[in-house]
Amino acid sequence: MAERLADHTTLRLGGPATRFVTACTEDELVAAVRAADEAGEPLLVLGGGSNLVVADEGFPGTVVRVATRGISPDVEGDGGVIVTVAAGESWDDLVARAVSSGWVGVEALSGIPGSVGATPIQNVGAYGQEVAQTIASVRVWDRTLRGVRTFANADCGFGYRHSRFKADPQRHVVLSVAFQFRQGSLGAPVEYAELARALGVERGVRVPLRDVRDTVLRLRAGKGMVLDADDHDSWSAGSFFTNPFVDPAALPDGAPAWPQPDGTVKTSAAWLIEHAGFAKGHGTGPVGLSTKHTLALTNRGHARTADLLALAREVRDGVEARFVIRLVNEPVLVGCEL
Ligand SMILES: Cc1cc2nc3c(=O)[nH]c(=O)nc-3n(C[C@H](O)[C@H](O)[C@H](O)COP(=O)(O)OP(=O)(O)OC[C@H]3O[C@@H](n4cnc5c(N)ncnc54)[C@H](O)[C@@H]3O)c2cc1C
C-alpha cells in the first residue's frame, strides 16, 4: 500500500507518495537523495510535516523522511557550548534539553513542532527569538554539486521566515545543524511584549529558562499552537500567512506597525485578516480558521487539501480586496498552489 502523506503532516492532508523511504542514518539519507536524483525522480524531503500542504493527488516521486538522530555538545573554553544536532531530531526535544542543560537562546522557541533540520529553512521564530540567533553553521548535501557543504551563519541568508535554503528549495538537504549557545540559568532578555507581560516582567529582563519555556508552552496551548491530537485547532501548519512588509503610506489605519531598516513596516497578518471580516473559527464544513488563532487554517476532521486551499484563497483575496495587501503563504505547498 502506498504511504499516505496525510499520515505524515500535521494538517493530516495529502495523497499517496509513489515511493516512501525513511532514512535513519546520514548515509541512508544521502543515498536515498542520490538514488532519486540519479533516476531523475522528483524528491520531497520530509521532516515532521508541520509546514507542508500536500496535494490530494499526493507526490509523484520519492519522499524521504529524515529520521536521523544525535545531539553532540562540545563545551568551549569561554563558557559557551557548540551543540551539533542531526537533522531528524525533534526540535522541541532539543529545546527541552537546552533548557535542562542551561543552554541559552532557544527557550522562547518551545513547542514548535517538527525537526531540527527544517528550522534553518524558514529561520523558525516565535516570541522574540529565531534560530538565526543561535545557529553557528548548517551542514547540507548539495544536490547540484553532489557533495557535502557547510554554511556558516553569515552565509545562510537568514531573514524573516527566510534563508538561502528556502530561496533555492530543491538544492540543499540539511544533514545537521550546529548551534552556539551561551551557558547559564537565565534565558536571553525577553523581547516580546506578550511574553514579558505573561512573565510579569518588563521587556529586556532575563528570567529563568524553565519559566520562559513553561510560559511559552502555556501561551501557545491557549492558541492551539502546540500539537494535540484531540484539538482540531492544532490540526494546522501553524501560521498560514507571513506578516507582510508594506510601504508606510499603505499601512491601514490602526494596524500594528514594526518599522524596518529599509523604510518599510512589517504589519500583522492576523490583524489584517480579522479586520477584513474573518473572525476566529471562520468557515463551515471540513476546514476553518482556528477558533483560537486567526492565522491558523485548520482541518476540522474530514478535509481535503482542495478545501484548505479554497479557504486560504478566500482569506487572501478578502484581505487584498479590503486593504490592497496580498498575503503570502508560510507553509510549503507541494503539488498545489494558491
Ligand atoms: C501547531 C504549529 C505551530 C507552529 N508554530 C511555528 C512558530 O511559532 N514559528 C515557526 O517559524 N514555525 C511554526 N510552525 C511551522 C513549522 O513547525 C516549522 O516551520 C518547522 O520548522 C517545520 O519542521 P518540519 O520538520 O515539520 O518540516 P516539514 O513540514 O517536514 O518540511 C517543511 C519544509 O522544509 C523542508 N525540509 C524539511 N526537512 C529538511 C531537511 N532536513 N533538509 C532540507 N529541507 C528540509 C521540506 O522539504 C519542506 O520544504 C508551526 C507549525 C504548527 C503545526
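Coordinates for the structure precede this section.
Residues numbered from 1 in each chain as written. Predicted model: local features only at pLDDT ≥ 70, side-chain atom pairs only at ≥ 80, totals over all residues. Heavy atoms only, no water.

Q: Where do I start with empty space enclosed by the protein in this structure?
A: Where empty space is left in the structure can be found by rolling a water-sized probe over the atoms. Summed over all chains, the structure comprises 1 cavity of 30 Å³ or more. Within this model, the largest cavity holds a volume of roughly 40 Å³. Lining the largest cavity, in full, are Arg34, Asp37, Glu38, Trp141, Arg143 and Arg146. The element contributing the most residues to the lining of the largest cavity is helix 1 (residues 26-38), with 3 residues. (1 Å grid on protein atoms, 1.4 Å probe; cavity = no way out; pocket = protein on both sides within 12 Å on 5 of 7 lines; lining within 4 Å. Points joined across faces, edges and corners; volume = space filled by probe spheres on them. Helix = DSSP H or I, 4+ residues; strand = E, 2+ residues; numbered from the N terminus.)

Q: I would appreciate a short explanation of the side chain of Ser163 in the present structure.
A: Structurally, the position occupied by Ser163 is in the loop between strand 11 (147-152) and helix 3 (164-167). Using a relative accessible area of 0% as the deciding quantity, one classes Ser163 as buried. A distance of 3.1 Å separates the side chain of Ser163 from the backbone nitrogen of Lys166, its partner in a polar contact. Apart from residues lying up to four places away in sequence, Ser163 is in contact with Pro120, Ile121, Cys156, Gly157 and Phe158. (Buried < 20%, exposed > 50% of the residue type's maximum accessible area, 1.4 Å probe, protein only. Polar contact = N/O pair within 3.5 Å; in protein donor to acceptor, adjacent residues only side chain to side chain. Contact = heavy atoms within 4.5 Å.)

Q: I'm lost on the site of the ligand in this one. Help?
A: Taken together, 31 residues are adjacent to the ligand, and Val45, Gly48, Ser50, Ser115 and Arg220 come closest. For the ligand, an oxygen atom lies 2.6 Å from a polar atom in the backbone of Val45. A distance of 2.6 Å separates an oxygen atom of the ligand from a polar side-chain atom of Ser50. For the ligand, the protein covers 93% of the area, taking 980 Å² as the surface of the free molecule. Counting only elements with at least two residues in the shell around the ligand, the list comes to strand 2 (43-46), strand 8 (125-126) and strand 12 (172-183). In terms of residue count, strand 12 provides more of the shell around the ligand than any other element does, 3 residues in total. (Near = heavy atom within 4 Å. Areas by Shrake-Rupley, 256 points an atom, 1.4 Å probe, with all protein chains shown as cover.)

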